[in-house]
Structure formats: structure tokens, C-alpha cells
Amino acid sequence: MTTTPYPGEDARAGDAPGLGEDPPPEAAPRTGEDARAGARPHTRRLTVAQALIAFLARQFTERDGRRRRLINATWGIFGHGNVAGVGQALVESRADMRYLQGRNEQAMVHAAVGYARQSNRLSAHAVTTSIGPGATNLVTGAALATINRLPVLLLPGDVFATRPADPVLQQLEVPSAGDVSVNDALRPVSVYFDRVTRPEALIPAALAAMRVLTDPAETGAVTLALPQDVQAEAYDWPEEFFAERVWRIRRQAPDPEELAEAVTLVRAARRPLLVAGGGVRYSGAEDVLAAFADATGIPVAATQAGKGSLRHDHPCDVGGVGHTGTATADELARTADLVIGVGTRWSDFSTASATLFQNPEVRFLNLNVTGFDAHKLAAHPLVADARTALEGLLAALAGPAGGRGEVGERLEDGEPSPYRVPASYEAEFRAAKERWEQRVQAAFDAEDELRPPTQAQVLGALDALATGEDIVINAAGSLPGDLHKLWRARSRDQYHVEYGYSCMGYEIPAALGVLLAAPERPVWAFVGDGTYLMNPTEIVTAVQERLPLKVVILQNHGYASIGGLSEAVGAERFGTAYRFRAEDATYTGDPLPVDLAANAASLGMRVIRAKTVRDLREALARARAAREATCVYVETGTGDTGPGVPQAQAWWDVPVAGTATRASAVRARTDYDRHAAARRRHL
């Protein structure tokens, strides 16, 4: 019997486990087999939950001729609201649908999101929970998925549709609305929501859910709330509902008029800058982007989601852009006369809270599959798939074959020459890139390898060890900024920083999802002590599934990132340290006697403690070679062992108290007003 293919493998016709095979003995009878009384011809009698799982097992995506399972596994924690419905259905369908056991509902969504991102949104996971706390624990993960435009199918249990008792256990009573449950909290964070209150309603709801999950312009968290009585209700389903369906991922072509105007904008630009977002990755447009940069010489900066779109050593890669960006990219952004956004939603970090693009004549060109994003910053929109749009733009800018032209030049026959930025501009940003690289190396280097490493030196130690196969995962704290500035991305999918929702606790479960999609790759979850304490539970799942998860715990005794921000805005690092309470009621006493390494070991991980830079290098090498879940634990030192990470190269708007008695807040407000004056509305 065919077994469930690991995520990441092609699932062509007949490849999906259990499809086209004789059903196991416990499976529901099919048409023509011992049909139950009352069943109509060409129908199959199943519960709603059984029908849903059977339906999901036969959904596929296809793009560029490659076919994959759409829903490749279901995560679940069972309670009274889903154990007899979806839980029982998964038992009957275990040959068709892989089940993964989670420990925390939010973490299960994070794992599903990590899998979807590593799968370039072409394959996804479902998550089932009970009613009550199990369902509401999904909300944070759902928000993260929707904000980052990543598909995940949520199947929370719900209260009785038939209302035999009112209220039932864990039911939220709303006197003015009898049809409200806690699952309604998922509505604003889902791109599609439906409550299946009758069996036959599952058919349109399930089809709509698949449409949204596979739509590049609309995808995110999709919720089908399943009342617990309806889950277990039997119904005669039309066989057509279980037919294999292929959801083809569209590559929307650019409108010819929009493309022509885009070409005109680029040809007129002398200092263009391209900003690559996550859409480059999800479209698989990295090779076309590299060809575009090679042909035009346009420098390429990257958002957090877009970092890695070009390798770090490509001559046109200038690193991260925005508040956590490089000096090279941010200075180019300040002076750019044309900014080409490709697959980016232009968050405040990328625009430095609307203070970054300071050229009075700057214009924007946005290539995006979503019209909503394409029109941001009053841009000229080129609404299309990122790869298709870049191909069209590159072909139009190439001009007749042969020749290399500066801006505005024409060939002898009057045709425009192939577009390329001025040579002086190329020389300028390449020299700036080299200067920044020297700053990166200085932050990575350790003069004394017998001292505790700084956070930057931890990154440097892994940077020296990693190849393009390694995947680095992070989400919150000070690490996203350090990684965006310093990390040298060696492959298109090596850099995995979730910064749409910046969710503490994302890293470890997301790493599990990535490992399920790429089990042969070394996957590293970087977590600070604050993030680790938020959500370490899925370490148990990694151990259970024998996944060689690699967790690097950086112990700095508090919220380092928010502590620095607190100091900058006049809040004096209040409440940001993990220390005993002092006599003045602040948490400024001795560090807490918390041993996170021992905690990780108690959850089943192999733990390697590193006290010095030398220890760290050895520990990372051992962890990389390990075939079991392994933790590297290190207490980070201060920046006095080296130059440290360069400060922010652009502003971020965090409002400061308008009136205060403490001098630190007064100074911070003066600084805030100075920066805020540089904000622009691009109209």
C-alpha cells in the first residue's frame, strides 16, 4: 500500500496515499458495496467529518505542470468538540490523511504556516481543535497566517447546531444573538469563514475554502467551524464531491497598457531601486529577478519576507531595506527616483514609517498579484504574477538584441537601446555594498574566542558553518533586525523570518512545519529566552516525530529588543528584564535562576551548552550533524567584545508621551518630533 508522501514531493494522479486503492476494512463502504438502507445510487453515506477528510484527501494544486497535494496533513488536539467527529474521521482515513499530534493549538497553526511557506503556498496543512479554549487558541496563529498571506485550513469544533441543551459546556452565551460562538473571534483574522450547520452546507463551504486557499491574491487563514453534532451526522453524499480536483495556480499576465507605462517609468529612471518582497518567493521568480538585475544593473533591496530573493553575493544585492535594513539599501532608497516594489505589501518597517523615500521626485511602480498592494504609495500598478510581470518588463527593457545603452540612449535606427542604469550609479552602490560587508564581518568576528559570544557573533558562527541547504527561522525580538542587517542568504529559501505579525513563539513550531516540507535540510530555530518561554511545547512533537530540529537558545535574561526600544522612547527599560524585584519595585535585582537548557532537555532534546565563542562553534557543528532534536544553549555577552550590530539606519514610528515629568521621556519626545517631521504622504 502506498504511504503518505512527505510534504514537498510531487503528488501526481494516483500518488496520493489510499487514492484508487481498495479501502481498508474499517473504511466506509463505497457505491455498490453493501449500501446502507436509504442510500441513493451514486452516493456514499458518511458523516460530515468523514466526508470532509475524504474530500480534502483528493484536492491538488498545479502550477507550471507540477502537481501537489493541497492538504497534506492534519494537525489536531482532540476534545469533546471534535473527538467523535473529525477525530473519528481521521482514524477511518489514516491511509488517506496524515495526522500530526500537537501540544498547543496556536503552535499547530504556526507549524502549518511554516510548512505552507516552505511549500511556496502550493501545499498546506489543516488544523482541528475542540470547541472553547482549543478554538480561541487558534486566533493568534490565524492572524499571523492571514497577515503573511499564507494558507492554512482551520477546523475548530463548535457548539451544537441543534441546541439540545443551551448552554453546553464551553458555550459563549450572547443574549442578543443565538448563533454566535467563540469561533466568531476567528472571523476578522480569516480570509474566509463559514459555519457548517447542516451536512449539505459542507459542499459549497468546502469548495469555497479550497478556492480561497489556492488564490495567490486572497490566501490566508480559512476557517470552517464545525458544530460537534453536525460533524457526526450521517448524510448521503454525491460521489462527485469526492472526485479529484486540481486547483491550478494562475500566473496572471500584466495588462499591456500597464506594462507599457511601467517600461516608460523605468527607462526614465537614473537612480532606480527594486525592493523584493515575499511575492518574489511565492511566485518562484528568483531566477527572473537575477536575470533582470544582471541585464539592467538595478540594485535590489529586500523586505524581511523577500530577503534571499537574490543571493547575498550577487553584485546587485544591497541587503535589507527599511528600519532594520542596511546603510547601503537605505541610502539608495532616500535618493531613488523610482522605487520598484515586487511582491511587497509595504509595511511600516520597509518604508521606515513613511520617512525613507525622500527624493522629491520619487515615483513608485508596484508589481503585485494583489491590486490592493499594487496601488499603495500612489504607485503605478502592474497587477500580475511577480515572475510573469518581471519577464514582461525584462523583455520590454531589453530592446533590440545587442548593445549596451545608458539611460535615454537610442540605437542608430531610433529604437531605444537596452536599458541599463548609469555606470556611475552601479559603481556607487557596489562600493557602498563592500563597505557594509566590512561592517558585517566586524560584527561577526571575535577577538577573544574564550569570552561569551555576542548575539551578532552567534549569527557569525552559524554564518561560517551554513551552506545554502540550511534554513534559519526567527520571528520576534532583536534577532529579526540583526538577521535582516547581517545574515548572508545563500539560497532563495534559507532566510525565514516571520515579520508580518512578529509573533513570539512562532519559531519552534514553524521549524517543525519546515522540516515536514524539507526533511533533508538542516533547519535552525533561533529563539531568545523570552520567546522560548512563550511556546516551547512543540519540542515534544519534534522528538515524537523524530525530526532533527535544531534550536539555538540565546539567554539574555529579558526582552532585549523591547528593552532597547523602551529606553529609546523614555520608558527606561521598565518591565523588560527577567530579574528579581528590587526594593524600588522594579525588576532590577539578580537574574532569575531559570535553566532553559534543562527545560529543553526535560522535553526530550539533546542539549549542548556553549559558554564561549570557541564552544559555540563546536556546538553548532555538532548540532548541524545531529539526526535528533538538538538544542544549543548560550548566554550571550555584551557588545564590549566587538563593534556589535550597526544601529538602525532608518526610523520607526513608535509614539512617545506628549507630556512627561521624567527627563528621559522629554528627551525622547524631542527626538520623536524631529523624526516625525520627515514623514511623507506619497500622493
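So, how was this worked out
- Residues numbered from 1 in each chain as written.
- Predicted model: local features only at pLDDT ≥ 70, side-chain atom pairs only at ≥ 80, totals over all residues.
- Heavy atoms only, no water.
- Helix = DSSP H or I, 4+ residues; strand = E, 2+ residues; numbered from the N terminus.
- Rg over C-alpha atoms; globule rule 2.2 N^0.38 Å.
- Buried < 20%, exposed > 50% of the residue type's maximum accessible area, 1.4 Å probe, protein only.
- Contact = heavy atoms within 4.5 Å.
- Areas by Shrake-Rupley, 256 points an atom, 1.4 Å probe, with all protein chains shown as cover.
- Lys, Arg positive; Asp, Glu negative; His and termini not counted.
- Charge placed at Lys NZ, Arg CZ, Asp CG, Glu CD.
- Patch = residues over 30% accessible without salt bridge, like charges linked within 9 Å, V, L, I, M, F, W, Y side chains within 5 Å.
- Salt bridge = Lys/Arg side-chain N within 4 Å of Asp/Glu carboxyl O.
- pLDDT = per-residue confidence, 0-100.
- Polar contact = N/O pair within 3.5 Å; in protein donor to acceptor, adjacent residues only side chain to side chain.
- Phe/Tyr/Trp six-rings, centres within 6.5 Å; stacked < 30°, edge-to-face > 60°.
- Lys NZ or Arg CZ within 6 Å of the ring centre and 35° of its normal.
- Pairing = 2+ DSSP bridges.
- Axes fitted to C-alpha atoms, helices over the stretch in contact; angles between N-to-C directions.
- Right-handed = clockwise from strand over helix to strand, strands pointing away.
- Parallel < 35°, antiparallel > 145°, perpendicular 65-115°, else oblique.
- Left-handed = near helix turned anticlockwise from the far one by under 90°.
- Nonpolar A, V, L, I, M, F, W, Y, C, P; charged D, E, K, R; others polar.

**Some words on the overall build of the protein**
Secondary structure summary: the protein contains 24 helices and 23 strands in total. Here the C-alpha radius of gyration of the protein, 27 Å, is about what a compact globule of 683 residues would show, namely 26 Å. On the principal axes, the C-alpha backbone points of the protein span a range of 80 × 80 × 55 Å. Split into buried and exposed, the 683 residues of the protein put 55% on the buried side. Taking the intrachain contacts of the protein between residues at least 6 apart in sequence as the baseline, contacts between residues at least 24 apart amount to 75%. Surface summary for the protein: the accessible area is close to 27,000 Å², and the carbon and sulfur share equals 52%. Each charge class in the protein was averaged separately, 71 positive and 83 negative side chains, and the resulting centres sit 1 Å apart.

**A few points about a nonpolar patch on the surface**
Among the surface-exposed residues, Leu533, Phe580, Leu592 and Val594 lie close enough to one another that they form a single nonpolar patch of about 330 Å² accessible area. Residue position: Val594 is located in the loop between helix 21 (560-568) and helix 22 (596-602).

**Observations concerning the confidence of the model for the protein**
Predicted confidence across the protein gives a mean pLDDT of 92, with 91% of residues reaching 70 or more. Every residue in residues 1-35 scores below 50 in pLDDT, and together they form 74 contacts with partners more than four places removed in sequence or on other chains.

**Here we look at the side chain of Glu538**
Looking at the element boundaries, Glu538 is found in the loop between helix 19 (529-534) and helix 20 (539-544). No salt bridge forms around the buried Glu538; measuring N to O, its nearest opposite-charge neighbour Arg103 is 5.4 Å away. A polar contact is formed between the side chain of Glu538 and the side chain of Thr537, at a distance of 3.0 Å. Within the local environment of Glu538, its side chain forms a polar contact with the side chain of Thr541, the two groups lying 2.8 Å apart. The residues contacting Glu538, other than those within four sequence positions of it, are Gly102, Arg103, Asn104, Ala107, Ile508, Pro509 and Leu512.

**Things to note about the packing of aromatic side chains**
Counted according to the given criterion, the structure contains 13 aromatic pairs. When the ring of Tyr235 is compared with that of Trp237, the centres are 4.8 Å apart and the planes differ by 70°; the resulting orientation is edge-to-face. Through successive ring pairs, a cluster of aromatic residues spans Phe55, Tyr235, Trp237, Phe241 and Phe242. Across from the ring centre of Phe60, 4.0 Å away, lies the NZ or CZ of Arg67, which sits over that ring.

**Quick notes on the pairing of strand 17 (residues 380-383)**
Taking every second residue as pointing to the same face, both faces of strand 17 are buried, with His380 and Leu382 on one and Pro381 and Val383 on the other. Looking at chain direction, strand 16 (residues 363-368) and strand 17 are connected through four bridges and run parallel. Its bridge partner lying in strand 17, Asn368 is registered against Val383.

**Details of the sheet that holds strand 12 (residues 272-276)**
Here we have six strands laid out as an open sheet, ordered 14-13-12-15-16-17, and parallel in their pairing. At either end of the open sheet lies a strand with only one pairing partner, and these are strand 14 (317-320) and strand 17. When the angles between neighbouring strand axes are averaged without regard to direction, this sheet yields 20°.

**Topic: the pairing of strand 8 (residues 192-195)**
Of the strand pairs in this sheet, strand 8 and strand 9 (residues 221-227) are connected by four bridges, and their pairing is parallel. Directly across from Asp194, in strand 9, lies its bridge partner Leu224. Following the backbone out of strand 8, through helix 6 (residues 202-213) and into the adjacent parallel strand 9, one traces a crossover that is right-handed.

**Section: unusual backbone geometry**
Residue Pro167 is bonded to the preceding Asp166 through a cis peptide linkage, with omega at 10°. With respect to the secondary-structure elements, Pro167 resides in the loop between strand 7 (152-158) and strand 8.

**So, the pattern of salt bridges**
For the coordinates displayed, the defined rule picks out 40 salt bridges. Across the salt bridge formed by Arg211 and Glu218, the nearest N and O atoms sit 3.2 Å from each other. The exposure class assigned to Glu218 is partly exposed, which follows from its relative accessible area of 29%. A salt bridge links Arg420 to Glu426; its shortest N-O distance comes to 3.0 Å. On the basis of relative accessible area, Arg420 is assigned to the buried category, the value being 13%. The class of Glu426 is buried, set by a relative accessible area of 7%. What emerges from the salt-bridge pattern is a single network uniting Asp64, Arg251, Asp385, Arg387 and Glu391.

**Re the packing of helix 8 (residues 256-268) against helix 14 (residues 386-398)**
At their nearest, the axes of helix 8 and helix 14 sit 10 Å apart, and the two run at 60° to each other. When the axes of helix 8 and helix 14 are compared, the pair comes out oblique. Classified by chirality, the crossing of helix 14 by helix 8 is right-handed. Contact residues: Leu259, Ala262, Val263, Val266 and Arg267 in helix 8; Gly392, Leu393, Ala396 and Leu397 in helix 14. Taken together, the residues of the contact of helix 8 with helix 14 break down into seven nonpolar, one polar and one charged.

**Thoughts on the sheet that holds strand 8**
Backbone hydrogen bonds are what pair the strands of a sheet, in a parallel or an antiparallel way. If you walk across this open sheet you meet the six strands as 5-4-6-7-9-8, and the pairing is parallel. Looking at the sheet topology across the chains shown, the edges are occupied by strand 5 (98-101) and strand 8. Direction aside, the axes of adjacent strands within the sheet are offset by 20° on average. Note that strand 6 (residues 124-129) and strand 7 share four bridges and pair parallel. Residue pairing across strands places Val127 opposite Leu154, the latter belonging to strand 7. In the packing of helix 5 (residues 138-147) onto the sheet, contacts are made with strand 6, strand 7 and strand 9, and the angle to strand 7 comes to roughly 155°.

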